[in-house]
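# Architecture and fold: a report
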Amino acid sequence: MNKSRFDLRALVSLTCTVDGEEKQLSVLLDNIVRQADDSVGMFYADLCEQVSWKLPTAHAKAFLEEAEKQGDGLCEDWMFLVPDRIEQYTGLKDKNGHPICEGDIIRHDTAAGAKYWPVVFKNGCFVLPYESGDAWLGKVITFFPYESGLVVVGNIHENPELLEAAK
């Protein structure tokens, strides 16, 4: 398979039957590959590992079974996915060396306390939507050196309460 690799992650949500009950299960997956034909997928072993790590056992099993049914299927060791959302790596890292992706929630520790902002892709660049206007993420990281406390603390899909609490 001819794959071109980008640093992407995808939110995949599926309706699965777990213990006879329908549940909506969502997983944010790393190491996603977009191919030349714009299909999206990942190695099946990577998918199994990430889903097993992020979901309880019964949920992980149901998620993988449903992904095989609803996706374009398994091709050798490759799983095609139908993601709800694809997010890109910004090329920047937080003070701990963690990659910053679109949709991540950034905490900035200041003398006045901690502030939280989502990373948003807008007008062709990644920004933090400050109260006074959008700030280009690359400039913010340059202006506030790593030791200042820019840290990825979650993402808008799995931790929306961080942004709600910050309001």
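Here, every reference points to the structure presented above.
Just so we're clear, the structure is a prediction, and the values are computed from it rather than from any experiment.

## Topic: the packing of aromatic side chains
Following the criterion strictly, the structure yields three aromatic pairs and no others. Ring plane angle 90° and centroid distance 5.1 Å describe the contact between Phe-43 and Trp-78, whose orientation is recorded as edge-to-face. Here Phe-43 is found in strand β3 (residues 40-43), whereas its partner Trp-78 is found in strand β5 (residues 78-81), with 35 residues between them in sequence. Taking relative accessible area as the criterion, Phe-43 reaches 28% and is therefore assigned partly exposed.

## Notes on helix α2 (residues 57-70)
For α2, with 14 residues, the first-to-last C-alpha span of 20 Å sits near the 20 Å given by 1.5 Å per residue. Among the residues of α2, Ala-60, Ala-62, Phe-63, Leu-64, Glu-66 and Ala-67 are the ones counted as buried.

## Some thoughts on the pairing of β3
Bridge analysis of strand β2 (residues 21-35) against β3 gives two bridges, and the strand direction is antiparallel. Bridge pairing links Val-33 to Gly-41 in β3. What sits between β2 and β3 in their antiparallel hairpin is a turn of four residues, with Asp-38 showing a positive phi close to 70°.

## A few points about the sheet that holds strand β8 (residues 104-110)
Reading across from one edge, β9-β8-β13 is the order of the three strands in this open sheet, with antiparallel pairing throughout. With one partner strand each, in any of the chains shown, β9 (113-118) and β13 (150-155) form the two edges of the open sheet. The mean inter-strand angle of the sheet, taken between neighbouring strand axes irrespective of direction, is 30°. The pairing of β8 with β13 spans five bridges and is antiparallel. In the sheet register, Ile-105 faces β13, and the bridge partner there is Gly-154.

Parameters at a glance
- Residue indices follow the written sequence of each chain, beginning from 1 at its first position.
- Side-chain atom pairs in this predicted model are given and counted only at pLDDT of 80 or more, local residue features only at pLDDT of at least 70, and totals for whole chains, interfaces and linings cover all residues.
- With hydrogens and water excluded, all non-hydrogen atoms of the structure serve as input to the side-chain values.
- Two rings from Phe, Tyr or Trp (for Trp, the six-membered ring) form a pair when their centres are within 6.5 Å of each other. A pair whose planes differ by under 30 degrees is stacked, one over 60 is edge-to-face, and the rest are tilted.
- Only runs of H or I of at least four residues qualify as helices and only runs of E of at least two qualify as strands under DSSP, and these elements are numbered from the N terminus.
- Using a 1.4 Å probe on the protein chains alone, a residue whose accessible area is under 20% of its type maximum counts as buried, one over 50% counts as exposed, and one in between counts as partly exposed.
- Expected helix span is computed as 1.5 Å times (number of residues minus one).
- Only strands joined by at least two bridges in the DSSP assignment are considered to pair.
- Axis angles are defined between N-to-C directions and span 0 to 180 degrees, where every axis is a line fitted to C-alpha atoms and, for a helix, only to the segment in contact.

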